[in-house]
Structures are given as C-alpha cells and as structure tokens.
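Results of the structural survey
Below are the chains, spelled out letter by letter.
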Amino acid sequence: MPEQPGHPQRDEVDHLVEAWARERSDLDLAPMSVFSRISRLAHHVDKARRQAFTAHDIEPWEFDVLAALRRTGSPYELSPGRLLRETLVTSGTMTNRVDRLTTRGLVERHPDPSDRRGVLVRLTPEGKDAVDSAFAALLDAERELLTGLADGDQEELAALLRRLLVPFDH
C-alpha cells in the first residue's frame, strides 16, 4: 500500500517500539527504531544475496574471495595476506577457502615473483566469469530491494549510512 501524505506506512518495528514503550516508558527507544530496521533489512539483503549467488553456483564466501580478486584488475591476483585483509577472515579460513576454490578451478596459486617464498592467488577465466555473472545478479537483486525509494532517497540513505559506518572503518 503506497504511503499516504500525513499517514506514513507502519511496519513491524513500529509495533515492537510501541509495545516496548508501553512496558518501558522510561527508556529512549529511538535507537531501536533505527537498528531493528537495519537488522531486518540485513536479513532480506542476505536472503537476496544468497539467491543471486546460488543461481550462479557460488556461495557467499566464494563470492567474497572472487570479488576481492576481481576488483584488483588484471591479472586479478593478490597475496593470501592481502586477501585476508580484504575479506576479514583468519589465515586458516583463507587457506581452506583458496584450497576449495582451486579445486573448483576458480582460482590458482602462482609463485610470487617478488618473494621467493610467497604465493599469489589468481582468478582463473572461469572464476572471472563466475564472479562477473554473480555480481550482475547481485546488483539486480539489490536494485529490486530499493524499488520503493526514489534515486534521491537512495543517495540520502547511502550518505546517512556512510556517516554511521565511517567510524568503524578507521
């Protein structure tokens, strides 16, 4: 149902906040109005991401690794340490992930020419095709989630969320 002027749409969070306000009128519930919606939206985004990736035979963690490599530009390779920083996982987890992606033929390991003991993880042509198609599907799914917002509203929302996230990125 479209929003009527002077009568904003209500969602489940409105009901939760009202119930808490009845029970705990002594508390400021403003953060709940924001973060409960972010949490619920994150659930829907995660579901849309999984569906987009599943349609392209990619797991979310696989997409994260492949996308980190793809964003670097040709020859689409990174050291395992750099992949750790890009994907925020532990060394053991990354080793397991690279092993599994290698088995699937989506990445390969190469000696690092600047470090005799080092190795570089490189996207294969199959890996590039997989991440490119999964990324296009992801953008379509995310665009669908945003259909209720005009372009200016999307830009405003992005700016507000950026202000919340910047302190965590430093």
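Residues numbered from 1 in each chain as written. Predicted model: local features only at pLDDT ≥ 70, side-chain atom pairs only at ≥ 80, totals over all residues. Heavy atoms only, no water.

Under an unreviewed UniProt entry, the name given to the protein chain is MarR family winged helix-turn-helix transcriptional regulator, and the source organism is Nocardioides ginsengisoli.

Let's talk about the packing of helix 4 (residues 80-87) against helix 5 (residues 91-103)
Between helix 4 and helix 5, the least distance of the axes is 10 Å, while the angle of their chain directions is 105°. Between helix 4 and helix 5, the angle is such that the two are roughly perpendicular. The residues of helix 5 that touch helix 4, namely those facing Pro-80, Leu-83, Leu-84 and Thr-87, are Ser-91, Met-94 and Val-98. Taken together, the residues of the contact of helix 4 with helix 5 sort by class into 5 nonpolar, 2 polar and no charged. (Axes fitted to C-alpha atoms, helices over the stretch in contact; angles between N-to-C directions. Helix = DSSP H or I, 4+ residues; strand = E, 2+ residues; numbered from the N terminus. Parallel < 35°, antiparallel > 145°, perpendicular 65-115°, else oblique. Contact = heavy atoms within 4.5 Å. Nonpolar A, V, L, I, M, F, W, Y, C, P; charged D, E, K, R; others polar.)

So, the side chain of Arg-97
Among the structural elements, Arg-97 can be located in helix 5. No salt bridge is formed by the buried Arg-97; its nearest oppositely charged neighbour, Asp-64, is found at 5.3 Å. For Arg-97, the residues in contact, after removing those within four places along its chain, are Trp-61, Val-65 and Val-89. (Buried < 20%, exposed > 50% of the residue type's maximum accessible area, 1.4 Å probe, protein only. Lys, Arg positive; Asp, Glu negative; His and termini not counted. Salt bridge = Lys/Arg side-chain N within 4 Å of Asp/Glu carboxyl O.)

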